[in-house]
Amino acid sequence: GDRVPQPDPVPGFLPPATPVIVRYGEPWPNAPHRHLAGTDELGRDFFVRMLWGARVSLAVGILSAVLLTVIGVFFGSLAGYFGGRVDIVIMRVIEVLQSIPAFFLILASLAFFGSSSGIPPIFVIVVVIALVRWTGTARLVRGEFLRLREQEYVVAARALGFSNRRTIFKHVLPNALGPVLVSAAFAVASGILTESAVSFLGFGVKHPEASWGSLVNESKEPSHWWIQVFPGVLIFITVTCYNLVGDAVRDALDPKMKV
């Protein structure tokens, strides 16, 4: 438990704000295997902070994808199944929402619901992403319903007197989920990128909380390269993996790929 003199700084590590106490059996304070991704300006392990920040980035991507998928499936089903005036109204709403830039709407919402409102910025980001980007899923579902509602089994369900709710959710929707699953996988990657960009600009997660976007913004000094590189690499790998998952799901559900 004795204090030890600090060695010369090692590239990839910032000197701690206070002397580090090295316990018996622990490696030297600046040993490379002590901090796998270096340290920040307060001497905190940067690898642990990236793992902690992954909770926020992944939560935003997954929750926003689930919420926008549910909204998109609901309105897309109504528009595609009933058609007529219902379809016209929903499609006009979709066109209006698609003309609104989601990123700037998120910034405006965060400025309106500031820290004084008590609403976490992550909650605002998830809700705004879902309320703006459900339109793509809704159009996919609408197109599938327009194709499937004329199939024999749907016509038979109507002839047997089944309710619209049973026909939609039991007979039509299960056969229209292929494009929805692909869209949901891509929506997760899009949500992670959006949260990272907002937090990088300083409007999302703020210190001392961590997300991958806010960690990139902690230092802009070229000498502290690991602070920008390591979270950026994690964002790139995660987004690439979700896009590959989306491509794999699309190929698995495509009948032409099974021939």
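Residues numbered from 1 in each chain as written. Predicted model: local features only at pLDDT ≥ 70, side-chain atom pairs only at ≥ 80, totals over all residues. Heavy atoms only, no water.

J.: How should I be thinking about the packing of aromatic side chains in this particular structure?
T.: Here the distance between the centres and the angle between the planes together describe a pair of aromatic rings. Applying the stated criterion across every chain yields a total of 4 aromatic pairs. Seen in terms of ring centroids, Phe103 and Phe104 are 6.1 Å apart; in terms of plane orientation they differ by 85°. Their pairing is edge-to-face. Site record: aromatic cluster; members linked through ring pairs are Phe74, Phe75 and Trp134. Sitting above the plane of the Trp52 ring, Arg55 keeps its charged end 3.8 Å from the centroid. (Phe/Tyr/Trp six-rings, centres within 6.5 Å; stacked < 30°, edge-to-face > 60°. Lys NZ or Arg CZ within 6 Å of the ring centre and 35° of its normal.)

J.: Hey, could you run me through the packing of helix α4 (residues 121-148) against helix α7 (residues 177-200) in this one?
T.: The description of two helices packed together rests on the angle between their axes and the distance between the axes. Where α4 meets α7, the closest approach of the two axes is 10 Å, and the angle between their N-to-C directions is 155°. With respect to α7, the element α4 is oriented roughly antiparallel. Handedness of the α4/α7 crossing: right-handed. Here Ile122, Ile125, Ile129, Arg133, Thr137, Leu140, Val141 and Glu144 of α4 lie close against α7, whose contacting residues are Pro179, Val180, Ser183, Ser190, Gly191, Thr194, Glu195 and Val198. Residues of the contact of α4 with α7, tallied by class, amount to 8 nonpolar, 5 polar and 3 charged. (Axes fitted to C-alpha atoms, helices over the stretch in contact; angles between N-to-C directions. Helix = DSSP H or I, 4+ residues; strand = E, 2+ residues; numbered from the N terminus. Parallel < 35°, antiparallel > 145°, perpendicular 65-115°, else oblique. Left-handed = near helix turned anticlockwise from the far one by under 90°. Contact = heavy atoms within 4.5 Å. Nonpolar A, V, L, I, M, F, W, Y, C, P; charged D, E, K, R; others polar.)

J.: When you look at the pattern of salt bridges in this model, what are you seeing that I'm missing?
T.: A pair can form between side chains of opposite charge whenever their charged atoms are brought close. Enumeration over the complete set of coordinates arrives at 3 salt bridges. Of the charged contacts in the structure, one is a salt bridge between Arg147 and Glu144, with a shortest N-O distance of 2.7 Å. With Arg147 and Glu144 both in helix α4 and 3 residues apart, this pair spans about one turn of that helix. Look at Glu144 and you get buried, because its relative accessible area is 17%. (Salt bridge = Lys/Arg side-chain N within 4 Å of Asp/Glu carboxyl O. Buried < 20%, exposed > 50% of the residue type's maximum accessible area, 1.4 Å probe, protein only.)

J.: It is not clear to me how the nonpolar core should be interpreted in this structure. Could you clarify?
T.: One broad rule of soluble globular proteins: the nonpolar side chains tend to lie buried together. Ranked by internal contacts, the top residues of the largest apolar core, which has 40 residues, are Val60, Ile106, Ile122, Ile125 and Trp134. Contributing elements (two or more residues each) for this core: α1 (46-82), α2 (84-98), α3 (102-112), α4, α7, α8 (212-216) and α9 (225-253). The element that contributes the greatest number of residues to this core is α4, accounting for 10 residues. Among all residues touching Ile125, those that are not within four sequence positions of it are Val60, Ile106, Leu110, Glu195, Val198 and Gly204. With 11 residues, the next largest nonpolar core counts Tyr81, Leu148, Ile168 and Ala176 among its residues. (Core = buried A, V, L, I, M, F, W, Y, C linked by side-chain atoms within 4.5 Å.)

J.: What am I meant to see in the packing of α1 against α7 here?
T.: Between α1 and α7, the least distance of the axes is 7 Å, while the angle of their chain directions is 135°. In this view, α1 runs oblique relative to α7, as classed from their interaxial angle. Of the two elements, α1 crosses α7, and the hand of that crossing is right-handed. Taking contact as the criterion, the partners of Val56, Ser57, Leu58, Val60, Gly61, Ile62, Ser64, Ala65, Leu68, Thr69 and Val73 in α1 are, on α7, Val180, Ala184, Ala187, Val188, Gly191, Ile192 and Glu195.

The values reported here are purely geometric and, on their own, carry no functional implication.
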